[in-house]
Amino acid sequence: MGMVQQVQRTTDWDRYFLNIARETATRSNCIRRQHGAVIVKKRRIASTGYNGPPSGHAHCDQGACPRARSESVSGWGHDNCIAIHAEANAILFSSPTERDGATIYITGVPCFGCAKLVANSGITEVVTEGEPYDGWQDVRDFLLDCNVRVRLL
């Protein structure tokens, strides 16, 4: 009887870094949606980020989220969310040199605000996954106009 040889499959780099972004998202204390981002340059992780309130602010899962209480708080919507998005946190915790020519891997398609930050940060590529939202095509076109490559896996 012949021996069965098992071939170990390796994860491609995009999936590898998106998996790390997904794991980073588990640090989020947002009760609505957890997102993660990883900035990578030459296959080295420069920075990670996840969505949540600023340092020192009470956590969303501890009742500090006005959006979660939106039924009782008039005027609180997406624009008034206290959380800093994953992409913004990853950019904040990296240096300009680390971002120059880098790729950002994101667990969901970026909002327009984060797209502006990415476009001005030195990052040259966005790799993301997930369901596009209404208006995503405009955000994608904006990034492309700013010479940022976009790949939705």
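Anything mentioned here points back to the structure above.
Participant: I'd like a description of the pattern of salt bridges, backed by residues and values.
Facilitator: Applying the stated criterion across every chain yields a total of six salt bridges. Here Arg149 and Glu125 are joined by a salt bridge, their closest N and O atoms 3.4 Å apart. Linking Arg149 in strand 5 (residues 149–152) with Glu125 in strand 4 (residues 125–128), this pair joins segments that are 24 residues apart in sequence. Several salt bridges share partner residues, and in doing so they unite Asp14, Glu125, Arg149 and Arg151 into one network.

Participant: Which residues make up the nonpolar core, and what values go with them?
Facilitator: Judged by nonpolar contacts, the single largest core of 18 residues is most densely connected at Ala37, Ile39, Ile104, Val118, Ile123, Val126 and Leu143. Elements with a minimum of two residues in this core: strand 1 (36–41), helix 2 (86–92), strand 3 (103–106), helix 4 (112–119) and helix 5 (136–145). Membership of the second largest hydrophobic core comes to seven residues, among which are Phe17, Val38, Val40 and Tyr105.

Participant: Any details on the sheet that holds strand 2 (residues 44–50)? Residues and values, ideally.
Facilitator: Spatially, 2-1-3-4-5 is the arrangement adopted by the five strands of the open sheet, whose pairing is mixed. Bordering the open sheet on either side are strand 2 and strand 5, each of which pairs with just one other strand. Across the sheet, the axes of successive neighbouring strands diverge by a mean angle of 15°, strand direction being ignored. Where helix 1 (residues 13–25) meets the sheet, its contacts fall on strand 1, strand 2, strand 3, strand 4 and strand 5, and the angle it forms with strand 1 comes to roughly 140°.

Participant: Summarise the packing of helix 4 against helix 5; cite the residues concerned and give the values.
Facilitator: Across the interface, helix 4 lies against helix 5 with an axial gap of 10 Å and an inter-helix angle of 10°. Taken together, helix 4 and helix 5 sit at an angle that is classed as roughly parallel. Taking contact as the criterion, the partners of Phe112, Ala115, Lys116, Val118 and Ala119 in helix 4 are, on helix 5, Val139, Phe142 and Leu143. Grouping the constituent residues of the contact of helix 4 with helix 5 by class yields seven nonpolar, no polar and one charged.

Participant: Let's hear about the side chain of Asp14: which residues, and what values?
Facilitator: Take Asp14: it is sitting in helix 1. Judged by its relative accessible area of 15%, Asp14 falls in the buried class. The contact partners of Asp14, leaving out residues within four places of it in the chain, are Tyr105, Val127, Arg151 and Leu153.

Participant: Residues and numbers for the environment of Pro96, please.
Facilitator: Among the secondary structure elements, Pro96 is positioned in helix 3 (residues 96–99). Linking Pro96 and Ser121, residues 25 residues apart in sequence, is a C-alpha distance of 7.1 Å.

Participant: Describe in detail helix 1, supporting the description with residues and values.
Facilitator: A rise of 1.5 Å per residue sets the reference length of helix 1, with its 13 residues, at 18 Å; its end C-alpha atoms lie 18 Å apart and thus fit the reference within 8%. Within helix 1 the residues assigned to the buried category are Asp14, Phe17, Leu18, Ala21, Thr24 and Ala25. Down the axis of helix 1, the buried side of the element spans an arc of 110°, and every buried residue falls inside it. Buried residues along helix 1 sit in contact with strand 1, strand 2, strand 3, strand 4 and strand 5. Two or three places before Asp14, at the start of helix 1, stands the capping residue Asp12, its side-chain oxygen 3.0 Å from that residue's backbone nitrogen.

How each quantity is defined
Numbers given for residues are sequential positions, taken from 1 along each chain in its written order. Restriction of local features to residues with pLDDT of at least 70 applies here, the model being predicted, together with a cutoff of 80 or more for giving and counting side-chain atom pairs; totals for whole chains, interfaces and linings are based on all residues. The basis for every side-chain value is the complete set of non-hydrogen atoms in the structure, without hydrogens or water. Whenever a carboxyl oxygen of Asp or Glu lies within 4 Å of a side-chain nitrogen of Lys or Arg, that contact is scored as a salt bridge. Secondary structure elements follow DSSP: runs of H or I no shorter than four residues count as helices, runs of E no shorter than two count as strands, and numbering proceeds from the N terminus. Each nonpolar core is a collection of buried residues, namely Ala, Val, Leu, Ile, Met, Phe, Trp, Tyr and Cys, held together in the definition by side-chain atoms within 4.5 Å. Relative accessibility thresholds used throughout: buried, under 20% of the residue-type maximum; exposed, over 50%; partly exposed, between the two (1.4 Å probe, protein chains only). The criterion for strand pairing is that DSSP finds at least two bridges linking the strands in question. Note on method: axes are straight lines fitted to C-alpha atoms, helices fitted across the in-contact stretch only, with angles between N-to-C directions ranging 0 to 180 degrees. We call two residues contacting when some pair of their heavy atoms lies within 4.5 Å. Working definition: roughly parallel below 35 degrees, roughly antiparallel above 145 degrees, roughly perpendicular at 65 to 115 degrees, and oblique for all remaining angles. When residue character is reported, Ala, Val, Leu, Ile, Met, Phe, Trp, Tyr, Cys and Pro are called nonpolar, Asp, Glu, Lys and Arg charged, and the others, Gly included, polar. The span expected for a helix works out to 1.5 Å for each residue beyond the first. Picture the helix axis, draw a direction to every C-beta atom, and the arc is the one those directions span. Here a polar contact means two N or O atoms within 3.5 Å. Within protein one must be a hydrogen donor candidate and the other an acceptor candidate, and residues neighboring in sequence count only if both atoms are side-chain atoms.

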